[in-house]
Structure formats: C-alpha cells, structure tokens
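Analysis of the macromolecular model
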Amino acid sequence: MTALTLGNAALLRTGAYIDGRWDDAGSGTFDVHNPATGALVGSVARHGAAAASRAVEAATTAQVAWAARSAGDRAVILRRWHDLMLANADDLARLMTAEQGKPLAEARGEIAYAASFLLWFAEEARRVYGMVIPGNTPTRRLTAIRQPVGVAAAITPWNFPAAMITRKVAPALAVGCAVVLKPSELTPLSALALAALAEEAGVPAGVFNVVAGDAEAIGDVLTRDPRVRKFSFTGSTAVGKMLAARCMETVKRVSLELGGNAPFIVFDDADVEAAADGAMASKFRNTGQTCVCANRFLVQDGIYDAFAEALARRVSALRAGDGLAGVTDQGPLINQAAVEKVVRHRDDALARGARVLAEGQVAAGEGDGNFIPATLLGDVPADALLTREETFGPLAGLTRFAREADAIRMANDTPAGLAAYLYTADGARATRVGERLEYGMVGLNTGIISTEVAPFGGIKESGFGREGSVFGIDDYVSIKLLAAEIACNE
Ligand SMILES: NC(=O)c1ccc[n+]([C@@H]2O[C@H](COP(=O)([O-])OP(=O)(O)OC[C@H]3O[C@@H](n4cnc5c(N)ncnc54)[C@H](O)[C@@H]3O)[C@@H](O)[C@H]2O)c1
Ligand SMILES: O=C[C@H](O)CS(=O)(=O)O
C-alpha cells in the first residue's frame, strides 16, 4: 500500500521482486514514513530469510543464461533501463523525496546520476577484454579471460536510494552476473521502482531480485549462502566490517563502501569565495547526509577570518523544509536519531570552547519533521566529536592550522579514508598535499568529486573496491588463465 500518487502508478511497488514475480505476501509489513512530515508513504511486505534464499536460487539459475548472452544484448537492456529511468525521472524523484527527504531538485539530480551508471556500464559491457600472453614455451599458448563471478549480493543505504543501487547493479549485469539486492528498509520504494523499470526494460527473470524487510535475516543469507560469490556493501563502517567478516566463511569477493570523515583544507592563498562555494557544495549536499561530505574544516591562520565570514554568509541563508513543498536548500534528516547525533556533536563542540558563527533557518510549520538548522561553528578543537566522528548532518566546524605539515597530519589523523578536499592557488602544493592525503578520492579546488566516469571508493576503514569508471567492472569479474599445449606429436 502506498499513500503517494504518481503519473506512472506501476512504479509504486510494495512486495519483494523475486524471479520476475512480485511477492506481496511477507510476514506482515513495515511502514515507510516521510521524514519531513512523518506521514505514512507506504507499507511494504516484510520478507526475511526464506525470500532471500528464493532470490539466491532464482539468481543462480538465471545467471547462467544471462552470462551466455552477448555483451551487446546485455548492453541494449541496460541502455533501455537507463532510458526508462530518465523517462520516469519526475515520478522517481517525487518517490525519493517522499521517503528520503532530499529536496526535489536534488532527487532529480540523483535520478540522473543513478541512470548514468546504467549508461556507462551499458557501454563498458562491450569492453570486458582479456589478454593473449606470449607462451612460456614454443608450443604453449596462454590466454587470460575475464568471466563474471556469478551471483552477486548487494546491501545499500538510505541516503542515495537509487544511485547506490545502480552503481552496483549496472556493472554486475554488464558482465553477466545476477544480483540479489537488499535496500535500506528506510527507502525501499525507490529500489522497488527501479526493479519495476528493470522488468520493463527486459532484464530477465531472476537476473535482478529485490528483497526487503528483516535486514539481519536477509543479510545472514546473503553473507553465508555459498552460491553467492560476490558481496557488495555500502553503509556504515561498523555494519560493513561485520558483514564482510561473515562473507569470509565462504570466501566471497567483497567490496565495501563505508563511512567517511572528510577534511576540507583551506590554505592562505586559496580563492576564499570559491572555497566557500566548494565548502557549501560538499558539506550541505543531501543536508549533510553524504559519505563524501566535508566533515571538518581545517583553515590556515591567514585566511581563517575571511573564510569564516564567507561561509557564515552562506550558511545563514540556508532554509530547511519539506522538499515536496517547494524548499530547495535543505531537507529533513532521515530520522530523529540522526538529529540527536548532530545535536550531540554540536553540544560537545560548544562545551569544548567552540562558538556558533552562523545558523540557517527552518521553514515555518515544519514542527513534526526531523529538521535541524544548518549550523557553522568556529574554533572547534581537534579532539571534538565533530572532528573525530562522521556527523552526517548540516553541522560544519572550523579548526585553525599554521603550517602545511600540520594540516596533513590533522587531516590524516582518522581511521577513515574516503574523501578529502583542499583549496590552494599553488599547483605544486595541490599535487604535493593531494598525494600525501590518505584518502581514496581528493578534490583539488572543488567540493564535488562524484561522477560515473571516475573511480569512487576509499582506503583504510572506508573500505575497498571501486565503483564507476573503467575500474568498476573489476569487482564483478574473475580472471581465468587458459594454458594450451599445441605441440603436434605426428
Ligand atoms: N562510501 C560510500 O560510497 C557510502 C555511500 C553512502 C553511504 N555511506 C555510509 O553509509 C552510512 C549511512 O547509511 P546507513 O545508515 O544506511 O548505514 P547502515 O550501515 O546502518 O545500513 C546500510 C545497509 O545495511 C543494512 N544493515 C544494517 N545492519 C544490518 C545487519 N545487521 N545485517 C544486514 N544488513 C544490515 C541496512 O538495512 C542498510 O540496507 C554512513 O556511514 C555513510 O558514510 C557510504
Ligand atoms: O553518500 C555517498 C554517495 O556515494 C553519494 S555520491 O556518490 O557522492 O553522490
């Protein structure tokens, strides 16, 4: 059941999608609420281990025929799925804003971003090349071929309810894998709408399956079933570590896209207005609920006051509200627990001597939602919770530094290693510091780094594997050696 009306009612699905069939008969239902208003958006069939096992069975059977099809065939279907996403972008965006809260314009942006992975890997499908290797003897012929790993399981988060799915499913299907997906129970409707479009695009039954409900029970099947040969997780570091460890019982291929703690470093010679614009784009996208958000600001002494003033001007102008009711700056946080974490980080920093430099507004009448005004703090100490933990909300804190070496040390002083940013007019310094930052991705004079054409992923405790780009295929293929003896014994 859903309380939303869309132009294309076929996108409103509330059951599991297994082996090409919709299964609304779960053990009861779980509710999806609008984080801006608290209103019920839909009730989704609650599935668990049995449905997950059926999905793995269906994927195991379907994967063989899917891998046997030509790369061109798979490319055509992925391209059609891409085209259908764009043709239904308005409905998909409204559904996303209703269940996740991001302003409609951001939701439309995510739909385009999510669809771009389908297009990218529709093209990459035709380029899964191998290699002929000069034989180690005159009559030995050696060939390395890339083959799909088989059945892939994916578990994804709520903050980007479409893009985190296609960023995994597109490369998997491109190379001939089949997928069982467990989306977040906070945003299942976007995932089920994607499945409806995959079905319409001609993705064969069993090649793409979606099961939601009892996360632990489903996850237990996906991490333990030996027929699952690949496990791809995007979410918090703690959950990722636990699930990955369980995958090792059957030595699955694993890729992890985990939490971040991005430093945003501003050097004295930076363009202060450009740096402030980049800071806003990085910090407040998706109301700060983004894994690559700037999480702490390291600002050199000479530019500190000018940057603080420029950023304060911008933060003060932010307005949070219901993304379906016209607010475009900031939406709600996903739930009350998220609000409480931001408050905890803010109050901890203030107790350690930080000061409020600016505060945005919350639109009138947003009393029931999970809203918190965007806030900028100054003089945040390096040992504040805001500096050491991922805040995942619209709270920014400025910390001073004196020398380049201090900035690098402070920036690297975290178990996370996903994204980092630095602003400087000095090209040599940009390269020198960028190379020394211990992160999977570094923005140089930009606050936005995510695109389907570039490798996305972290190091250290932010995970491993890369999504998007020419590298995104690697997580879904195995390399096989064919060694042939061609000696003639006549
Ligand atoms: N690196 C990236 O690309 C990336 C992208 C988006 C979000 N994230 C990270 O994800 C986090 C926010 O997402 P979240 O709150 O959904 O994370 P989460 O870890 O709470 O949940 C992620 C997924 O794991 C599932 N899950 C949770 N516990 C489980 C269990 N015991 N068994 C099986 N499944 C379980 C959830 O249902 C959800 O589908 C942040 O830390 C953010 O940095 C990282
Ligand atoms: O939350 C992190 C996602 O990866 C979002 S994006 O890829 O940076 O847009």
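- The chain carries the name NAD-dependent succinate-semialdehyde dehydrogenase in an unreviewed UniProt entry, which gives Sphingomonas olei as its organism.
- Of the comments in the UniProt record for the chain, the one headed Sequence similarities (unreviewed entry) reads "Belongs to the aldehyde dehydrogenase family."

**Some details on a nonpolar patch on the surface**
- Together, Met131, Ile133 and Leu481 make up an exposed nonpolar region whose accessible area comes to about 290 Å².
- Topologically, Ile133 is positioned in strand E5 (residues 131–133).
- Of the residues examined, Ile133 reaches a relative accessible area of 31% and is grouped as partly exposed.

**Quick notes on the nonpolar core**
- Core analysis: the largest hydrophobic core is formed by 69 residues, its most contacted members being Trp81, Met85, Ile111, Leu173, Val203, Phe208 and Val210.
- A total of eleven residues in this core trace back to one element, the largest contributor, which is helix H4 (residues 104–124).
- Counting 34 residues, the second largest nonpolar core, distinct from the first, contains Phe264, Ala270, Met280 and Tyr304.

**A short note on the sheet that holds strand E22 (residues 477–485)**
- The three strands lie next to each other as E5-E6-E22, forming an open sheet whose pairing is antiparallel. In the strand order of this sheet, the two ends are held by E5 and E22, each with one partner. Across the sheet, the mean angle separating the axes of adjacent strands is 25° when strand polarity is ignored.
- In this structure, strand E6 (residues 140–148) lies alongside E22, joined through nine bridges in antiparallel fashion. Considered in E22, the bridge of Arg141 is made with Ala484.

**Here we look at the site of ligand 1**
- As a matter of local geometry, ligand 1 sits amid 30 residues, with Thr156, Trp158, Lys182, Ser236 and Glu390 nearest to it.
- In the environment of ligand 1, an oxygen atom lies 2.7 Å from a nitrogen or oxygen atom belonging to the backbone of Thr156.
- A distance of 2.8 Å separates an oxygen atom of ligand 1 from a polar side-chain atom of Lys182.
- Isolated, ligand 1 exposes 840 Å² of accessible area, and the fraction of that covered by the protein chains is 87%.
- Residues belonging to the shell around ligand 1 are distributed by class as follows: 15 nonpolar, nine polar and six charged.
- When residues are assigned to domains, the shell around ligand 1 turns out to be shared by domain 1 (9–259 + 463–479) and domain 2 (262–413 + 419–456), each giving three or more.

**Notes on the pattern of salt bridges**
- For the structure on display, the rule yields 33 salt bridges.
- Of the charged contacts in the structure, one is a salt bridge between Arg355 and Asp379, with a shortest N-O distance of 3.0 Å. Residue Arg355 is located in strand E15 (residues 355–359), and its partner Asp379 is located in the loop between strand E17 (375–378) and helix H12 (385–388); the two are separated by 24 residues in the primary sequence.
- Residue Arg355 is classed as partly exposed on the basis of its relative accessible area of 43%.
- When its relative accessible area of 30% is taken as the criterion, Asp379 is described as partly exposed.
- Each of Glu273, Asp277, Glu309, Arg313 and Arg314 takes part in a single network of salt bridges with overlapping partners.

**Observations regarding the packing of helix H2 (residues 71–87) against helix H5 (residues 163–175)**
- Between H2 and H5, the least distance of the axes is 8 Å, while the angle of their chain directions is 155°. Overall, the two elements H2 and H5 adopt an arrangement that is roughly antiparallel. Considering the relative orientation of H2 and H5, their crossing is right-handed. Mapping the contact onto sequence places Arg74, Leu78, Trp81 and Met85 in H2 and Thr166, Val169, Ala170, Leu173, Ala174 and Val175 in H5.
- Grouping the amino acids of the contact of H2 with H5 by side-chain chemistry returns eight nonpolar, one polar and one charged.

**A short note on the state of the cysteines**
- Within this structure, the stated rule accounts for zero disulfides.
- The thiol of Cys177 is unpaired, and the distance to the nearest cysteine sulfur, on Cys247, comes to 15 Å.

**Quick notes on the site of ligand 2**
- Taken together, the residues surrounding ligand 2 are Tyr113, Asn159, Phe160, Met164, Arg167, Arg285, Thr290, Cys291, Val292, Ser450 and Phe456.
- Side-chain polar atom of Tyr113 to an oxygen atom of ligand 2: 2.7 Å apart, as the coordinates give it.
- Between ligand 2 and Ser450, the relevant distance is 2.7 Å, taken from an oxygen atom to a side-chain nitrogen or oxygen of the residue.
- About the coverage of ligand 2: the protein hides 98% of its 280 Å² of free accessible area.
- Two domains each put at least three residues into the shell around ligand 2: domain 1 (9–259 + 463–479) and domain 2 (262–413 + 419–456).

**What about the domain arrangement of the chain?**
- By domain assignment, the chain separates into domain 1 (9–259 + 463–479) and domain 2 (262–413 + 419–456).
- Computed from C-alpha atoms alone, the centre-to-centre distance between domain 1 and domain 2 is 30 Å.
- Contacts between domain 1 and domain 2 engage 32 residues on the former and 32 residues on the latter.
- Of the roughly 2,500 Å² buried between domain 1 and domain 2, counting both surfaces, carbon and sulfur atoms make up 61%.
- On the surface where domain 1 and domain 2 come into contact, there are eight residue pairs in polar contact (both at pLDDT 80 or more).

**Regarding the packing of aromatic side chains**
- Under the counting rule described, the total for this entry stands at nine aromatic pairs.
- With centroids separated by 5.0 Å and ring planes inclined at 65°, the aromatic side chains of Tyr113 and Phe117 adopt a geometry described as edge-to-face. Highlighted residues: Tyr113 and Phe117, both in helix H4, separated by four residues, approximately one helical turn.
- Judged by centre distance (5.3 Å) and plane angle (20°), the rings of Phe264 and Tyr423 are stacked. Within this pair, whereas Phe264 is found in strand E12 (residues 262–266), its partner Tyr423 is found in strand E19 (residues 419–423), the two being separated by 159 residues in sequence. The residues Phe264 and Tyr423 share a single accessibility class, namely buried.
- The ring of Tyr476 is capped by Lys230, whose NZ or CZ atom sits 5.2 Å from the centre of that ring.
- Taking NZ or CZ as reference, Arg429 lies 4.3 Å from the ring centre of Phe267, over its face.

**Side note on helix H8 (residues 237–247)**
- Among all positions of H8, only Thr237, Gly240, Leu243, Ala244, Arg246 and Cys247 are buried.
- On its buried side, H8 packs onto strand E7 (151–155), helix H7 (215–224), strand E10 (228–234) and strand E11 (253–257).

**With respect to the sheet that holds strand E20 (residues 441–444)**
- On the basis of which strands lie adjacent, the open sheet formed by seven strands has the order E15-E17-E18-E13-E12-E19-E20 and mixed pairing. Every other strand in the sheet has two partners, leaving E15 and E20 as the edge strands with one partner each. For this sheet, the mean inter-axis angle between neighbouring strands, taken without regard to orientation, is 20°.
- Here E15 runs beside E17; their pairing, made up of four bridges, is antiparallel. In the sheet register, Val356 faces E17, and the bridge partner there is Leu377.
- Lying over the sheet, helix H13 (residues 404–412) contacts E12, strand E13 (294–300) and strand E18 (395–401), oriented at roughly 140° with respect to E18.

Rules behind the numbers
Per chain, residues are indexed from 1 in the order of the written sequence. Each chain gets a letter, beginning with A, and each ligand a number, beginning with 1, in the order they are written. In keeping with the model being predicted, local features are shown solely for residues with a pLDDT of at least 70 and side-chain atom pairs are shown and tallied solely at 80 or more, while totals for entire chains, interfaces and linings include all residues. Hydrogens and water molecules were not included; the side-chain quantities draw on all heavy atoms of the structure. UniProt positions are given in the numbering used here, feature names are shortened, and annotations may be inferred rather than shown by experiment. Each patch is built from residues lacking any salt bridge and having more than 30% relative accessible area; the joining distance is 9 Å for like charges and 5 Å for nonpolar side chains (Val, Leu, Ile, Met, Phe, Trp, Tyr). Note on areas: Shrake-Rupley with a 1.4 Å probe; residue coverage comes only from the protein chains shown. By salt bridge we mean one thing: a side-chain nitrogen of Lys or Arg within 4 Å of a carboxyl oxygen of Asp or Glu. Helix and strand definitions follow DSSP, with helices as H or I runs of at least four residues and strands as E runs of at least two, each counted in order from the N terminus. Think of it in three bands: residues with accessible area under 20% of the maximum for their type are buried, residues over 50% are exposed, and the middle band is partly exposed, with areas taken using a 1.4 Å probe on protein chains only. Grouping buried Ala, Val, Leu, Ile, Met, Phe, Trp, Tyr and Cys residues that are joined through side-chain atoms within 4.5 Å yields what is termed a nonpolar core. The pairing criterion is simple: DSSP has to find at least two bridges between the two strands. In this analysis an axis means a line fitted to C-alpha atoms, helices contributing only their contacting stretch, and an angle means the value between N-to-C directions, from 0 to 180 degrees. Being near a molecule or strand, for a residue, means having at least one of its heavy atoms within 4 Å of it. The term polar contact refers here to a pair of N or O atoms within 3.5 Å; inside protein, the definition further demands a hydrogen-donor-capable atom paired with an acceptor-capable atom, and it admits residues adjacent in sequence only when both atoms are side-chain atoms. Any residue outside Ala, Val, Leu, Ile, Met, Phe, Trp, Tyr, Cys, Pro, Asp, Glu, Lys and Arg is labelled polar, Gly included; the first ten of those are nonpolar and the last four are charged. How far each domain reaches was decided by an automatic or database domain assignment. For classification purposes, angles smaller than 35 degrees are called roughly parallel, those larger than 145 roughly antiparallel, those between 65 and 115 roughly perpendicular, and all remaining angles oblique. Two helices crossing with the near one rotated counterclockwise from the far one by less than a right angle form a left-handed crossing, whereas a clockwise rotation gives a right-handed crossing. Should any heavy atoms of two residues lie within 4.5 Å, those residues are considered in contact. Two cysteine sulfurs form what is called a disulfide whenever their separation falls within 2.5 Å. By convention, the term buried area covers the 1.4 Å-probe accessible surface removed from two parts as they join, with the contributions of both added. Stacked, tilted and edge-to-face pairs are distinguished by plane angle, under 30 degrees for stacked and over 60 for edge-to-face with tilted covering the rest, among Phe, Tyr and Trp rings (Trp via its six-membered ring) whose centres lie within 6.5 Å. Consider the ring centre and the ring normal. A charge sits over the ring if Lys NZ or Arg CZ is within 6 Å of that centre and within 35 degrees of that normal.

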